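Understanding the architecture of this molecule
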Amino acid sequence: MSDEIVNRVSSSDLITIDLVDYSPSITILEFDLKEFLFNGEILKEKEFRSQLKKFDFSVFSNTVVAVCCSSDAIVPMWAFMLISSYLNSVSSKFYFGKKDQVFQILFLQNIESIDTSEFEGKKVIIKGCGSIKVSEEHYITISKKLLPYVDSLMFGEACSAVPVFKKI
């Protein structure tokens with residue numbers, strides 16, 4: 001009998017997915033509409049339009065922008081549309097929300113864009129720990145994405161995986 005240690009996990013047909021690999025690696029800049037409000041609370045249309053015309057939107061060129069308003073002001077919808085027109089003119093990708101919310105939107109989009117063909121009929125483990133916080137929504141999204149294709153889906157690490165789904 002050989003005393004050689006065999007790593008059965010590495011020789012198995014398990015595929016491990018670390019959701020952290022799908023987190024956005026881009027910088028997200030924030031455009032806070034509050035800075036364009038009178039006293040940070042009131043939108044005065046004429047002044048608002050004037051300030052936007054003077055603002056250098058080129059700082060957002062070819063970036064991802066989180067458009068938000070950090071004050072409790074009531075902002076008309078057309079104001080967000082107007083900001084969008086300026087951001088669109090400098091080739092920005094932009095989303096409504098604070099930076100962390102936009103990060104989560106992009107994170108979910110990355111998971112949604114996974115090519116499922118490589119997981120067809122495979123045993124897949126979704127890692128449970130990582131260097132960044134992964135929310136329940138991410139685990140639900142990856143589950144919805146993979147369940148129609150995988151033979152089994154597990155959570156955790158190969159040495160202690162929790163079975164979630166097994167095709168009969």
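From a predicted model like this one, the values you see are computed outputs, not experimental measurements.

Cut-off values and rules
- Residues numbered from 1 in each chain as written.
- Predicted model: local features only at pLDDT ≥ 70, side-chain atom pairs only at ≥ 80, totals over all residues.
- Heavy atoms only, no water.
- Axes fitted to C-alpha atoms, helices over the stretch in contact; angles between N-to-C directions.
- Helix = DSSP H or I, 4+ residues; strand = E, 2+ residues; numbered from the N terminus.
- Parallel < 35°, antiparallel > 145°, perpendicular 65-115°, else oblique.
- Left-handed = near helix turned anticlockwise from the far one by under 90°.
- Contact = heavy atoms within 4.5 Å.
- Nonpolar A, V, L, I, M, F, W, Y, C, P; charged D, E, K, R; others polar.
- Core = buried A, V, L, I, M, F, W, Y, C linked by side-chain atoms within 4.5 Å.
- Buried < 20%, exposed > 50% of the residue type's maximum accessible area, 1.4 Å probe, protein only.

Topic: the packing of helix α1 (residues 45-54) against helix α2 (residues 77-89)
Here α1 crosses α2 at 15 degrees, and the two axes come no closer than 11 Å. What the angle tells us is that α1 and α2 run roughly parallel. Remark: the crossing between α1 and α2 carries right-handed chirality. Side by side, α1 and α2 meet where Glu45, Phe48, Arg49, Leu52 and Lys53 of the first sit next to Trp78, Ala79, Leu82, Ile83 and Tyr86 of the second. Residue composition of the contact of α1 with α2, grouped by class: 7 nonpolar, no polar and 3 charged.

Things to note about the nonpolar core
By size, the foremost hydrophobic cluster in this structure holds 20 residues, and its most contacted members are Phe31, Leu33, Phe48, Leu52, Val75 and Ile83. Mapped onto this core, the elements with two or more residues apiece are α1, β3 (64-68) and α2. Take this core: its biggest share by element is 5 residues, from α2. Judged by nonpolar contacts, the second largest core, of 15 residues, contains Ile17, Phe107, Ile114 and Ile126.

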